[in-house]
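Residue-level structural notes
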Amino acid sequence: MEHNFLATIGRVFLSFMAAVGRIAIFTAHSLRHCIVPPYYLRLLGKQMMDIGYYSLPVVGMTALFTGMVLALQIYVGSSRFNAESAVATIVVIGLTRELAPVLSGLMIAGRVGAAIAAEIGTMRVTEQIDALVTLSTNPFKYLVAPRLIAGLVTLPFLVLVGDIIGVSGGFLVATEKLGFNASNYLNNTFEFLEIRDVVSGLIKASVFGFIVTLMGCYHGFNSTGGAQGVGKATTNAVVSSFVMILISDYFLTVLLID
Amino acid sequence: MSDVPKIELRNVCKAFGKKVILDNLNLSIMAGESLVVIGGSGTGKSVMLKCILGLLKPESGQILIDGEDITNANTHKREQILRKTGMLFQYAALFDSLTVWENVAFGLIQAHGMNRKDAKDIAIQKLALVGLGPDLAEKHSAELSIGMQKRVGLARAIAADPEIIFFDEPTTGLDPIMGDVIDNLIRDCTQDLGATTLTISHDMESAQKIADRIALLYKGSVVWAGLASEIHTCGDPYVEQFVHGDVDGPIKLDILKP
């Protein structure tokens, strides 16, 4: 009984380490092809539009309502010890350092990561990736590199826009619903905000963009079977992106606080 | 004419786990020759093709193109070799994100560095060769019937005037008339180009139409090879059984009897 239990733990551990190894090799391979020419600039532009521009509504809505809710909740908490003036500062720091990058990362994982896994997965099972190879085109360069670079570059911009919209949402609620003076609220917003608050959020966003696109590409690239395999790849891409974003968020926070 | 075969397989072995797919496979195709490899499902035809194209790596043996061993060729070398080949996939494997002309011109633009305008002109010429008008050039593959998709796939395979063309089950999924159209196109296009062709098929009628020589694959090795004209008179028990579609004979199917 005990032997079986240990064997099961061993098997799970080995298969986990094998998966980590496969992802590490895929990542190294992908990064190499991001750096070494040729570059597919037309595809990079298209991916930047798909990942960045077309995600603006989702990220904007998320940031807006998060900012609004944050202002309300912090007001409730801070009013218990007469610290209402801290609402603006906490909203802006909470958004820029943590909520905008994490929530944007999660939204992008749902919207973009799933789409990447489904598209590349379908290409895999319909032999389109094999066709790329036979046409002397490296699938890592053609499919993976443009998506990774686009994820890495566009997510910080999305989060920056999200920061502005989120803070605006908090401002709206604070001034229209909670009766804050607009000028005081804005003063409090910017008085204690430091550049590194924003930059740390943007660094996180860049890492999350990389994680989301990497997981989408990895699971799509390794999908097998037919429609079921593509569905599984899509689910795995989203779930693994979520988990990796949340785990890496902690370590990035530790790193960036120092 | 050179005595060096255009394509040669020497003792090629490939297994997936314990299942042996290719078992010391030997095969050679001379320049300008059309060889059709026939055989039942699961006999290793597609695996053989994928090994030649570098999509799978054989466990042992050698694969030579123009006398050069390409079995362990690196990515750069493989891309160079693939520039002189074309491939028609079983279900065409057209890139569904691209238009018809972009599919046909893909290899010209990506592998041969041709500008888009010239590549489009050539693509439209090649589409005309396979009986498709320029009005289809701007459509996407999803808007085409499977017969049309195969013709576009054929146009893509011959777009760069390759020295070698591979055909994977070119008539599968087509009605007899469209199958005949594809066979005629394959024969005409390859004769015009003077290309060496390797086709895998289990369609006997198609095989006789496009082949100079036919090889029968069974359990991962060639059990008979000869001129296409000899297939009905060779007297080989394997060929007899396969041609007549008999259940009884030396070819055993892996099916359980009720």
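Residues numbered from 1 in each chain as written. Chains lettered and ligands numbered in written order. Predicted model: local features only at pLDDT ≥ 70, side-chain atom pairs only at ≥ 80, totals over all residues.

On to the overall build of chain B, then. When helices and strands are counted, chain B shows 8 helices and 10 strands. Against the compact-globule benchmark of 18 Å for 258 residues, chain B has a radius of gyration of 18 Å, which places it among compact chains. For the C-alpha atoms alone, the extent of chain B along its principal axes is close to 55 × 40 × 40 Å. The burial tally for chain B puts 42% of its 258 residues in the buried class. (Helix = DSSP H or I, 4+ residues; strand = E, 2+ residues; numbered from the N terminus. Rg over C-alpha atoms; globule rule 2.2 N^0.38 Å. Buried ≥ 20, exposed ≤ 12 C-beta atoms within 10 Å, placed from the backbone.)

Assigned secondary structure in chain A consists of 9 helices and 0 strands. Along chain A, helices (α) and strands (β) appear in the sequence α-α-α-α-α-α-α-α-α when read from the amino end. Reported as C-alpha extents along the three principal axes, the dimensions of chain A are approximately 65 × 60 × 35 Å. In chain A, buried positions account for 47% of the 258 residues. For chain A, contacts bridging at least 24 residues in sequence account for 88% of all contacts bridging at least 6. (Contact = placed C-beta atoms within 7 Å.)

Here we take up the nonpolar core. If you look at the biggest cluster of nonpolar residues, it comprises 136 residues, and the most contacted ones within it are A:Ala71, A:Val91, A:Ile211, A:Cys217, B:Val37, B:Val104 and B:Leu154. Tallying contributions element by element places helix H4 (residues 87-125) of chain A first for this core, with 18 residues. Ignoring anything within four residues of it in the chain, the contact list for A:Cys217 reads A:Ser30, A:Ile116, A:Ile120, A:Leu143, A:Val144, A:Arg147 and A:Leu148. (Core = buried A, V, L, I, M, F, W, Y, C linked by C-beta atoms within 7 Å.)

Residues and elements named next belong to chain A. Taking 1.5 Å of rise per residue, 38 residues should cover 56 Å, and helix H6 (residues 139-176) covers 53 Å from first to last C-alpha, within 8% of that figure. At Ala145, H6 shows its strongest bend, of approximately 35°, with the proline Pro146 following within four residues. Across the 38 residues of H6, 29 count as buried, placing the element largely inside the fold. (Expected span 1.5 Å × (residues − 1). Bend = angle between axes of the 7 residues up to and from the residue.)

This brings us to the sheet that holds strand E2 (residues 19-29) of chain B. All names here are of chain B. Taken together, the 4 strands give an open sheet; going across it, the order is E2-E1-E4-E5, and neighbouring strands pair in antiparallel fashion. Unpaired on one side and paired on the other, E2 and strand E5 (68-69) mark the two borders of the sheet. Where strand E1 (residues 7-16) lies against E2, 7 bridges are found, and the strand directions are antiparallel. Paired with Glu8 across the strands is Ser28, a residue of E2. (Pairing = 2+ DSSP bridges.)

Moving on, we come to the pairing of strand E4 (residues 60-65) of chain B. All names here are of chain B. Relative to E4, E1 runs antiparallel, the two sharing 5 bridges. Paired with Glu8 across the strands is Leu64, a residue of E4. Note that E4 and E5 share 2 bridges and pair antiparallel. Its bridge partner lying in E5, Leu64 is registered against Asp69. In textbook terms, the turn of a hairpin is the stretch between consecutive antiparallel strands, and for E4 and E5 this stretch comprises 2 residues, one of which, Asp66, has a positive phi near 55°.

Right, let's talk about the UniProt feature "domain: ABC transporter" (unreviewed entry) in chain B for a bit. UniProt's entry tags residues 7-244 of chain B with the feature "domain: ABC transporter" (unreviewed entry), counted in the numbering of this structure. Span residues 7-244 of chain B is 37% helix and 26% strand, its end C-alpha atoms 30 Å apart. (UniProt positions renumbered as here; feature names shortened; annotations may be inferred.)

In the UniProt entry, the feature "transmembrane region" (unreviewed entry) is given for residues 12-31, 51-72, 148-174, 202-221 and 233-257 of chain A. Structurally, residues 51-72 of chain A is divided into 82% helix and 0% strand, and its ends, taken at the C-alpha atoms, are 31 Å apart.

Right, let's get into the confidence of the model for chain B. Residue and element names in this part refer to chain B. Considering every residue of chain B, the mean pLDDT works out to 89; 97% of them sit at 70 or more. The secondary-structure element of chain B with the lowest mean pLDDT is helix H6 (residues 176-193), recorded at 83, while helix H3 (residues 100-110) shows the highest, at 95. For this predicted complex, the interface confidence comes out at an ipTM of 0.89, alongside a pTM of 0.88. (pLDDT = per-residue confidence, 0-100.)

Below, the discussion takes up the sheet that holds strand E6 (residues 85-88) of chain B. Residue and element names in this part refer to chain B. Spatially, the 6 strands line up as an open sheet ordered E6-E7-E8-E3-E9-E10, and their pairing is mixed. The sheet is open, and its two borders are formed by E6 and strand E10 (221-227), each paired with just one other strand. Going across the sheet, the axis of each strand differs from the next one's by a mean of 15°, ignoring polarity. As defined by bridge partners, E6 adjoins strand E7 (residues 164-168) across 4 bridges and the pair is classed as parallel. Residue Thr85 lies in a different strand from E7, and its bridge partner there is Ile164. Contacts from helix H1 (residues 45-53) reach strand E3 (34-38), E6, E7, strand E8 (196-201) and strand E9 (213-218), with the element oriented near 150° to E7. Sheet strands in contact with helix H5 (residues 146-158) are E6 and E7, and its direction is about 170° off that of E6. (Axes fitted to C-alpha atoms, helices over the stretch in contact; angles between N-to-C directions.)

Quick look at the environment of B:Pro5 now. If you trace the backbone, B:Pro5 turns up in the segment before E1. Counting along the chain gives 35 residues from B:Pro5 to B:Gly40, while the straight-line C-alpha distance between them is 26 Å.

All names here are of chain A. Between H4 and helix H8 (residues 195-221), the least distance of the axes is 7 Å, while the angle of their chain directions is 15°. Viewed along their axes, H4 and H8 adopt a mutual orientation that is roughly parallel. For H4 against H8, the interelement crossing comes out right-handed. (Parallel < 35°, antiparallel > 145°, perpendicular 65-115°, else oblique. Left-handed = near helix turned anticlockwise from the far one by under 90°.)

All names here are of chain A. In this structure, Thr122 sits in helix H4. Exposure remark for Thr122: the 20 C-beta atoms within 10 Å place this residue in the buried category. Sequence spacing of Thr122 and Ala19 is 103 residues, and the spatial spacing of their C-alpha atoms is 22 Å.

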